[in-house]
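Secondary and tertiary structure notes
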Amino acid sequence: MKKNEKVILIVEDEKPLIDAIKDKLELNGISSVTARSVEQAISYLEDVKNVSGIWLDHYLLGKENGLDLLAKLKDEKSKWKDIPVFVVSNTASPDKIKSYIALGANEYYTKSDHKLNDIIKDIKRQIMLK
Amino acid sequence: MLKNLKIGSRLWIWIITVILLFLFAGIITYSRIVDLEKEFEEVKGESEKMHLVMSLSLAINKVLIPPNSYLIPGADPDEMWIFIRLDKDVEEKFNLIEKYSGNHPDEQAIFKSARSNYLKFKQSALMIFDTFSYEDFRLEDTGILFGEMEKFNDKALLDLENWRKFVNREILGATEKFEKAQQEIFLVIIIIIALITLISTILGIIIIRSITVPVKELVLITKAIADGNLNKRVVMNSKDEIGQLAISFNKMIDEIKKSRSDVDRKVKQQTRSITQQKTELENQQKKILKILKEVRKGRHKADMDKDKIDKILHSIGDGVFVVDSKFKIIICNDVAADISGFTCDELLGKRYDEVLKFVYEDSGKVNDKFMNEAMKTGKVREIGNHTVIIRKDGSKVPIADSAAPFKDKKGNVSGCVVVFRDVAKEREINRAKSEFVSLASHQLRTPLSAINWYSEMLMAGDAGKLTKNQKIYLNEIYAGNQRMVGLVNALLNVSRIELGTFSIEPEKVKLAEICNSVLKELAPKIKEKKLKIKKNYKKTFPAINLDPKLMRIVFQNFLSNAVKYTPDKGKICVGIEKKKSDIFITISDTGYGIPKKQQLKVFSKLFRADNVREKETDGTGLGLYIVKAVIVQSGGKVWFESEEDKGTTFYVTLPAAGMKKKKGTKGLTAG
């Protein structure tokens, strides 16, 4: 991988969606790694050092969900607390949104409300700023 | 006559008589005794006399001796002195006897003779002594003297003897007299005693009888009267106490008789009236018995009804309790007891808030608002949302329902019926339902998202350039998918509305902004149909406390409907204004309108009027249902006017105070 290449960690449990996101990111010049559960996500973060951003769905495989991961990420002692997190989920409950924002998510997108392109463009813009 | 004296007087008479008799007896006896004494004295006197006579005799005898002693030669010259002495003694005795001599002539004669004889003796004796005193005396001369002397001495002695006999006779006589007198006295005393006894007894009997007989009579008659014979009267003619008693008694009986007859009369009167009353009472009693029977019947029925009601009460699935005007629990059922953890007995009679603790779930503060308001206003009140009841053991049970006050005849609130149920399960179910809906919607949306994005990418040419037809087909796929997304969102909203789980989060919202934003979204379609939009609102319309998402849904629905159902070149007007305490929103179009027959169903789920179904297939049929629910929940109203092929105007009012925050699990999703 190139040094300046941006890597997004996609944390999403739906396979078809993962592929779509991955492809779109690549079209935008961003590479990605995928995790389908919190556990997987953490292990990837351990391995891959230069994650520029995280695409996070709420419902995941395993017992833990997106909020749990976010909490872990934004923990004081976490190495990854500065990595921007973009929550993209189908659940639109205001409570959940509030929780994600409160925990420190940068953005929250409801999948069905946005075009994939728009979301990706937004993410790209944000991680490029860093 | 005796009977007219007072009893006391009679008794006094008797006593005095007896005393007098005794006095009289005493006097007589005394006189007799005096006589007796006299006789006795006489006897004694005579005896004395006798004694004196005897002693005189002795003395005279003795006095002879000294002179006689001179007969003997060598006589003592002292004899003369002895003789003088003895003589003196005789003289003394004679003097003594003289006193006793008495008046009897015989006795006097004897005495005189005795004395003279003695004197003569004495003379002789003295002559003797005289003679002897001479020296030359001759004894032969004295012989005559001696003889004289003796003779007179004997004569004196004989007199004395006679006297003695006389006295003896006297004594005998006196003794006889004395004895006679003695006997007399004895007799007299006996007679007197007998007389006294007789008289006093007779008098006593008379007097006593004069008392007892009338008294007995009185007693008899009074007894007879007391026994009841009021016609008898005491007949007593005497003027004494008994007579007066009798008179008074008779008077008394008269009085009694009179009053008795009065009483009898009165009693007869009363008895008559009592009998009257008695028959009346009997009649009343009969009536009362009848009534009692009815009452008993009624009570029995009431008891049966009560049992029925009790059964019903206890078989009601919800907790029911009734309080009186003082908030004390007067009725409660088993379910209420179960939910609260107390027994019905523990609840009855106590103020409801002492045992049934209704508190707000979040604050823990007591919720007595529902009860107080119900009792005060006389209207049904809901037990506030999110109220729990603290059971006897301290655990909390979420409950819901209402308090319905009831009024007495005067229209005053006299109590309240509270019905409540354990909603924990309900809540659980609701939660599960909404979780299910959430999950379901998520599951539905996921494939939709996939289709969305892949279609998007294809259309963007990310997988290669497309042919014209490919583009068209993809558009259809994309459009179809969008509709699906819209439908899923609408269904989600509907389910949230149905479950009551949607939230209202008011914030200061500028309606003008939302409206403009929605119009902007619809701009392509508006342009395509060449529709005219008129904005009757100011940009500066003040911000109101509303949930922006919900307001967006409202505007989206009305405006997209207006755009959809208005033919090309039509006109759409939007108005927002404030009228008094309401916000007025008007959305009118010159569209197809709603047929009168179907106007009632407009707000119902999945309804689409016939006249538009042919023309436009797009649309979920849920929009207006959702809009109405939102507006109503926000405290507003929504209605419309429409004429087929002319147009439709929708009116919305919302309280200017804004929406009240409503806690819900989710907000509604905008389409």
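These lines cover the structure that appears in this document, whether it is placed above or below. (Residues numbered from 1 in each chain as written. Chains lettered and ligands numbered in written order. Predicted model: local features only at pLDDT ≥ 70, side-chain atom pairs only at ≥ 80, totals over all residues. Heavy atoms only, no water.)

Residues and elements named next belong to chain B. With nine of nine residues buried, strand β13 (residues 647-655) lies mostly within the body of the structure. Side chains of β13 alternate between two faces, with Gly 647, Thr 649, Tyr 651, Thr 653 and Pro 655 and Thr 648, Phe 650, Val 652 and Leu 654 buried alike. Two strands pair when backbone bridges link them, and strand β11 (residues 582-589) and β13 are joined in this way by eight bridges, in the antiparallel orientation. Directly across from Asp 582, in β13, lies its bridge partner Pro 655. Looking at chain direction, strand β12 (residues 637-643) and β13 are connected through seven bridges and run antiparallel. (Buried < 20%, exposed > 50% of the residue type's maximum accessible area, 1.4 Å probe, protein only. Helix = DSSP H or I, 4+ residues; strand = E, 2+ residues; numbered from the N terminus. Pairing = 2+ DSSP bridges.)

We note that Phe 327 of chain B has phi near 65°; this positive angle belongs to a residue other than glycine. With relative accessibility at 17%, the residue Phe 327 of chain B sits in the buried group.

For any two helices packed against each other, the geometry comes down to the angle between their axes and how far apart the axes lie. All names here are of chain B. Packing of helix α1 (residues 7-69) against helix α2 (residues 79-100) leaves a shortest axis separation of 9 Å and a crossing angle of 160°. One finds that α1 runs roughly antiparallel with respect to α2. The chirality of how α1 crosses α2 is left-handed. (Axes fitted to C-alpha atoms, helices over the stretch in contact; angles between N-to-C directions. Parallel < 35°, antiparallel > 145°, perpendicular 65-115°, else oblique. Left-handed = near helix turned anticlockwise from the far one by under 90°.)

Moving on, we get to the interface of chain A and chain B. With 25 residues of chain A in contact, the opposing surface of chain B contributes 22 residues. Carbon and sulfur atoms make up 58% of the surface buried where chain A meets chain B, a total of about 2100 Å² over both sides. Contact with chain B buries area across many residues of chain A, yet Tyr 59, Asn 90 and Ser 112 of chain A alone supply 24% of it, more than any other trio. Counting every contact that joins chain A to chain B gives one salt bridge. Where chain A packs against chain B, one counts eight residue pairs in polar contact (both at pLDDT 80 or more). Of all the elements in the fold, those that place two or more residues in the side of chain A that touches chain B are α1 (15-27), α4 (94-103) and α5 (116-129) of chain A. Among the elements that take part in the side of chain A that touches chain B, α1 of chain A stands out by supplying seven residues, more than any other. (Contact = heavy atoms within 4.5 Å. Buried area = accessible area lost by both parts, 1.4 Å probe. Salt bridge = Lys/Arg side-chain N within 4 Å of Asp/Glu carboxyl O. Polar contact = N/O pair within 3.5 Å; in protein donor to acceptor, adjacent residues only side chain to side chain.)

Residues and elements named next belong to chain B. Mapping Phe 502 onto the fold places it in the loop between α11 (468-499) and β7 (507-509). On the accessibility criterion, Phe 502 (1% relative accessible area) is buried. Separated by 131 residues in sequence, Phe 502 and Gln 633 have C-alpha atoms that sit 10.0 Å apart.

Bringing the sheet that holds β12 of chain B into the picture now. All names here are of chain B. With mixed pairing, the five strands of this open sheet are ordered in space as β8-β10-β11-β13-β12. The outermost strands of the open sheet, each flanked by one partner alone, are β8 (532-536) and β12. In this sheet, neighbouring strand axes are inclined to one another by 10° on average, regardless of whether the strands run parallel or antiparallel. Where helix α13 (residues 548-564) meets the sheet, it contacts β10 (571-579), β11, β12 and β13, and its direction lies at approximately 25° from that of β11.

Here the focus is the packing of helix α12 (residues 511-529) of chain B against α13 of chain B. All names here are of chain B. Remark: α12 packs on α13, axes separated minimally by 9 Å, with the N-to-C direction vectors making an angle of 25°. On the basis of the axis angle, α12 is roughly parallel to α13. The element α12 and its partner α13 pack so that their crossing is right-handed. Together, Leu 511, Ile 514, Cys 515, Ser 517, Val 518, Leu 519, Glu 521, Leu 522, Lys 525, Ile 526 and Lys 529 of α12 and Pro 548, Met 551, Arg 552, Phe 555, Gln 556, Leu 559, Ser 560, Val 563 and Lys 564 of α13 make up the contact between the two elements. Residues that form the contact of α12 with α13 fall into these classes: twelve nonpolar, three polar and five charged. (Nonpolar A, V, L, I, M, F, W, Y, C, P; charged D, E, K, R; others polar.)

Worth remembering: the numbers are spatial, not functional.
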